[in-house]
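Observations on chain architecture
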Amino acid sequence: MTGSDQISDQQPSSLAASSCTVRLTPASLTASVAQAENPAGNAADGNLATRWSGRGKGAYVTADLGAAKSICGISLAWYNGGVDGRIYDYALSTSTDGRSFSPLVSGKSLPNTALQPIAFQAVDARYVRLTVNGNTVNDYASVAELQITASAAPASAFVHPGILVSREQLDFVKAKIGSGQQPWSKEYQMARGSNHGDRGYVASPVPVVKCSTPSSKDEAIAQGYEQAGCSDIINDSNAAYTQALLWYYSGDAQYAENARRILNAWARTLTAILFDQPRFPSNNHQVYANGQLNAGWAGTKFLRAAEILRYTYSGWTAEDTALQEDHFTTVYWDLVKDGWTGGGNVTAVMNETALDIAIFTNDLDKYEYVVSQLQHSSKAMIYMPSDGRQPLYPMYQGRPRATNDANGDLAKLWTNPTRYIAGLEQETCRDLGHMQMGMGSLANMAETLRIQGDPRSAYSDDPEHHENRLREALELNADYMLQYLDNTGNRVNGTVTPKGWVPARNWPCRSFSSNAGGYSAAMGWEIGYNEFHNRRGISMPKTEELITRVRSMTRTETRVGNHIGWETLTHAGAP
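Residues numbered from 1 in each chain as written. Predicted model: local features only at pLDDT ≥ 70, side-chain atom pairs only at ≥ 80, totals over all residues. Heavy atoms only, no water.

**Let's talk about the state of the cysteines**
Operational definition: Any cysteine sulfur atom paired with another within 2.5 Å is treated as part of a disulfide. To qualify as a helix, a DSSP run of H or I must reach at least 4 residues; to qualify as a strand, a run of E must reach at least 2; elements of each kind are numbered from the N terminus. A simple rule labels every residue: compare its accessible area, found with a 1.4 Å probe on the protein chains alone, to the largest value its type can have, and call it buried under 20%, exposed over 50%, or partly exposed in between.
A full pass over the atoms with the stated rule returns 2 disulfides. The side chain of cysteine 211 participates in a disulfide bridge whose partner is cysteine 230; the two sulfur atoms lie 2.2 Å from each other. Because the sign of the S-S torsion sets the handedness, a value of about -120° for the bond joining cysteine 211 and cysteine 230 places this disulfide among the left-handed ones. Placement of the pair is cysteine 211 in the loop between β10 (208-209) and α4 (217-222) and cysteine 230 in helix α5 (residues 230-250), with a sequence separation of 19 residues. When its relative accessible area of 2% is taken as the criterion, cysteine 211 is described as buried. The exposure class assigned to cysteine 230 is partly exposed, which follows from its relative accessible area of 26%. Each disulfide pairs two cysteine sulfurs, and for cysteine 429 the partner residue is cysteine 509, the sulfurs being separated by 1.9 Å.

**Quick notes on the confidence of the model for the protein**
Here is the rule we go by: Within a predicted model, pLDDT stands for the predictor's per-residue confidence, ranging from 0 to 100. Residue contacts follow a heavy-atom distance rule, with two residues in contact if any of their heavy atoms lie within 4.5 Å.
Scored by pLDDT, the protein comes out at a mean of 92, with 95% of its residues at no less than 70. Every residue in residues 1-18 is under pLDDT 50, and counting partners more than four places away or in other chains gives 26 contacts.

**Quick look at the packing of helix α9 (residues 344-360) against helix α12 (residues 432-451)**
Heads up, the rule is: Angular values range over 0 to 180 degrees, each being the angle between N-to-C directions of two axes fitted as lines to C-alpha atoms, with helices fitted over their stretch in contact. An angle counts as roughly parallel when it lies under 35 degrees, as roughly antiparallel when it exceeds 145, as roughly perpendicular when it falls between 65 and 115, and as oblique in every other case. By definition, any crossing whose near helix is turned counterclockwise from its far helix by less than a right angle is left-handed, and any crossing with a clockwise turn is right-handed. Charged means Asp, Glu, Lys or Arg here, nonpolar means Ala, Val, Leu, Ile, Met, Phe, Trp, Tyr, Cys or Pro, and polar covers whatever is left, Gly included.
Taken N-terminus to C-terminus, the directions of α9 and α12 make an angle of 25°; their axes are 8 Å apart at the nearest point. Here α12 runs roughly parallel to α9, going by the angle between their axes. Between α9 and α12 lies a crossing of left-handed hand. On α12, the residues that touch Asn345, Ala348, Val349, Asn351, Glu352, Leu355, Asp356 and Ile359 of α9 are His434, Met437, Gly438, Ser441, Asn444, Met445, Thr448 and Leu449. Of the residues in the contact of α9 with α12, the class split is 7 nonpolar, 7 polar and 2 charged.

**Focus on unusual backbone geometry**
If a residue is not glycine, its phi is most likely negative; likewise, a peptide bond is most likely trans. Of the consecutive residues histidine 160 and proline 161, the connecting peptide bond is found in the cis state with omega at -10°. One can find proline 161 in the loop between β9 (140-150) and α2 (167-178). Following glutamine 277, the chain continues into proline 278 via a peptide bond in cis, with omega recorded as 0°. Mapping proline 278 onto the fold places it in the loop between β11 (272-273) and α7 (291-312). Look at aspartate 84: it is not a glycine, yet its phi comes out positive at around 55°. Here aspartate 84 lies in the loop between β4 (59-78) and β5 (88-95). For aspartate 84, a relative accessible area of 68% corresponds to the exposed category.

**Observations concerning the pairing of β4**
Threshold: Paired strands, as defined in this entry, are two strands with at least two bridges between them according to DSSP.
A large share of β4 lies buried, amounting to 15 of its 20 residues. One ladder, built from 4 bridges, connects strand β2 (residues 28-31) with β4; its direction is antiparallel. When the sheet's bridge partners are listed, leucine 29 is paired in β4 with alanine 63. Across 9 bridges, β4 lies against strand β8 (residues 123-135) in antiparallel orientation. Residue pairing across strands places valine 61 opposite leucine 130, the latter belonging to β8. Pairing geometry for β4 and β9, over 7 bridges, is antiparallel. Residue pairing in the sheet places isoleucine 74 in a bridge with isoleucine 148 of β9. Pairing analysis gives 2 bridges linking β4 to strand β7 (residues 116-117), with the strands arranged antiparallel. Looking at β7, one finds that serine 75 is bridged to proline 117.

**A word on the side chain of glutamate 526**
Worth spelling out the cut-off: N or O atoms closer than or at 3.5 Å make up a polar contact, with two conditions inside protein: a donor-capable atom paired with an acceptor-capable one, and, for residues adjacent in sequence, both atoms drawn from side chains.
Of note, glutamate 526 is situated in helix α14 (residues 526-535). Glutamate 526 sits in the buried class, given a relative accessible area of 3%. Here arginine 551 takes part through its side chain, which lies 2.8 Å from a polar atom of the side chain of glutamate 526. Non-local contacts of glutamate 526, meaning those with residues more than four positions away in its chain, are made with Ile547, Arg551, Glu567, Thr568 and Ala572.

**Topic: the packing of aromatic side chains**
The description of an aromatic ring pair uses the distance of the two centres, along with the angle that the planes make with each other. Condition: Only centres within 6.5 Å qualify two rings of Phe, Tyr or Trp (six-membered ring in Trp) as a pair; their planes then separate them into stacked at under 30 degrees, edge-to-face at over 60, and tilted for everything else.
A full pass over the atoms with the stated rule returns 17 aromatic pairs. Judged by centre distance (5.7 Å) and plane angle (40°), the rings of tryptophan 78 and tyrosine 90 are tilted. Of the two residues, tryptophan 78 sits in strand β4 while tyrosine 90 sits in strand β5, which places them 12 residues apart along the sequence. Of the two residues examined, tryptophan 78 and tyrosine 90, each falls in the buried class.

**Observations regarding the side chain of serine 441**
Secondary-structure assignment places serine 441 in helix α12. With a relative accessible area of 0%, serine 441 lands in the buried category. The contact partners of serine 441, leaving out residues within four places of it in the chain, are Ala348, Val349, Glu352 and His563.

**Looking at the pattern of salt bridges**
Rule in force here: Here a salt bridge means any side-chain nitrogen of Lys or Arg lying within 4 Å of a carboxyl oxygen belonging to Asp or Glu.
Going through the model one piece at a time under the given rule, you end up with 30 salt bridges. Between arginine 310 and glutamate 325 there is a salt bridge; the shortest N-O distance is 3.3 Å. One end of the pair, arginine 310, is in helix α7; the other, glutamate 325, is in helix α8 (residues 318-336), and 15 residues separate them in sequence. Its salt-bridge partner being arginine 549, residue aspartate 486 comes within 2.8 Å of it at the nearest N-O pair. Of this pair, aspartate 486 sits in helix α13 (residues 469-488) while arginine 549 sits in helix α15 (residues 541-552), and the two are 63 residues apart along the sequence. A relative accessible area of 47% means that aspartate 486 is categorised as partly exposed. Each of Glu447, Arg450, Asp461, Arg471, Glu531, Arg535 and Arg536 takes part in a single network of salt bridges with overlapping partners.

**Observations concerning the packing of helix α6 (residues 253-269) against α7**
Remark: α6 packs on α7, axes separated minimally by 10 Å, with the N-to-C direction vectors making an angle of 130°. In terms of their interaxial angle, α6 and α7 are classed as oblique. Here α6 and α7 pass one another in a crossing that is left-handed. Between α6 and α7, the residues in contact are Ala256, Ala259, Arg260, Ile262, Leu263 and Trp266 and Phe302, Ala305, Ala306 and Leu309, respectively.

**Focus on the nonpolar core**
Operational definition: As used in this record, nonpolar core signifies buried Ala, Val, Leu, Ile, Met, Phe, Trp, Tyr and Cys residues forming a set joined through side-chain atoms within 4.5 Å.
If you look at the biggest cluster of nonpolar residues, it comprises 120 residues, and the most contacted ones within it are Ile233, Phe302 and Tyr332. No other element matches the 11 residues that α5 contributes to this core. If we skip the residues at most four places from it in the chain, phenylalanine 302 touches Ile233, Asp236, Ser237, Ala240, Ile262, Leu263, Trp266, Phe328 and Tyr332. Residues Leu24, Ala63, Val123 and Ala141 belong to the second largest nonpolar core, which totals 30 residues.

Shown next, in the form of structure tokens:
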């Protein structure tokens, strides 16, 4: 057989694409073990007559490319390939930091000594590692050539996985669970035992999501407008994210496959989430006005799950990526990209999902479009005295939303507080649940931007006034939540007594929601706290006390719901 005949037996590979033309020379090569006469450097010297050799199953050689590259081609040549039927067992993995490696592809060599192209999905990485698990003759790794080829296109500007959790954070938590440490082990067991973590979970996708607001649902149904998929899309997105986390922490591929099936079931079925149309004839209001919220709540969880699987699970395919990218850009993007006219939790979660779409699809234009919005929206959601006598106006499509001060438009958006105080959140006076849904999204986006190396977030201090809105809001509103829990005997979603009770300390609102806004009020505190207290060493006693109380609770409703979920499991003490 000729060399070309031998290569034709290999599965067709993406590395044969015409754009995959840039031959890469590693900045360095290191090996776990090597014979003195066959060092690591021989593995990529362009000479098939030389080789790297090392004894022992699991021996590996790592190529450092010096910087992240868009790797689209890898070819391998083996010493004595095919001699005595010699076949090598190998695995390829990649990394952006040289510490955490993601599986790329594994397989067995062909019985020849020619360069053999390997089929895989193109990936952005700085490091390529070839691990050899012996061969059919002995336990030696003997590689004549490791040839790496890149696309002429630039590498991704984004860190992956990089939506809310990074590889470093996932590995940190996995190690904590492996050694039985708390609170991670308890949270992991709660996730495993939850409905969302059920190994037999089955998705329930619908072709069109149709969701009215709670206040208009009965009217919609009475007029013949059906409701479809409202709880299904939220439950399934929570399940996809939960099982993606469980996959990484446990290594059990059943969780990864479950998450993958949930994601693909929705991507293949859902064609629209209704919002603007149809409208009630009587008042011209949207029948399905919760459509944008459903897109935000479900979208961010689906995207977190897809991001984890795409960059950590070898069973994830290029077809999966293409399917999800098309789904998010065609069904979700237009619904979430501009936020909402009134700001608050709605705009926050829409910004969050839009940011996640930009990162997952590696779209810098979309990314900059979203970040330019959230830079203002995060400030407009939390009041600081440096704003003046009233909060900043929320923005929509680059324009101020509430400008009629004489009519009290801005105060109405803030539920008419008696006064504005440092750290007051736009929906604090509405209820603590909606307040925390908005603030949770601010923290989620700030954490995602931190992973991406972008300081334009709610984590960044105001250099002029030496203050941080998110930190101030966490402490102020945690105190309100603590007072509520004191009243209910530490029961989230419990009803306060007597009727008309309000927090005694520093309450700037005209009333208090009887149940504080439900279970959402207990979630979303950990991520911001981890940044300010654990990473920066700033004292946050109220937030710390609240987190301690929530961690002691055993209901999963205090851990996951809508777009917030398992933040103790993912971010407690995370680097």
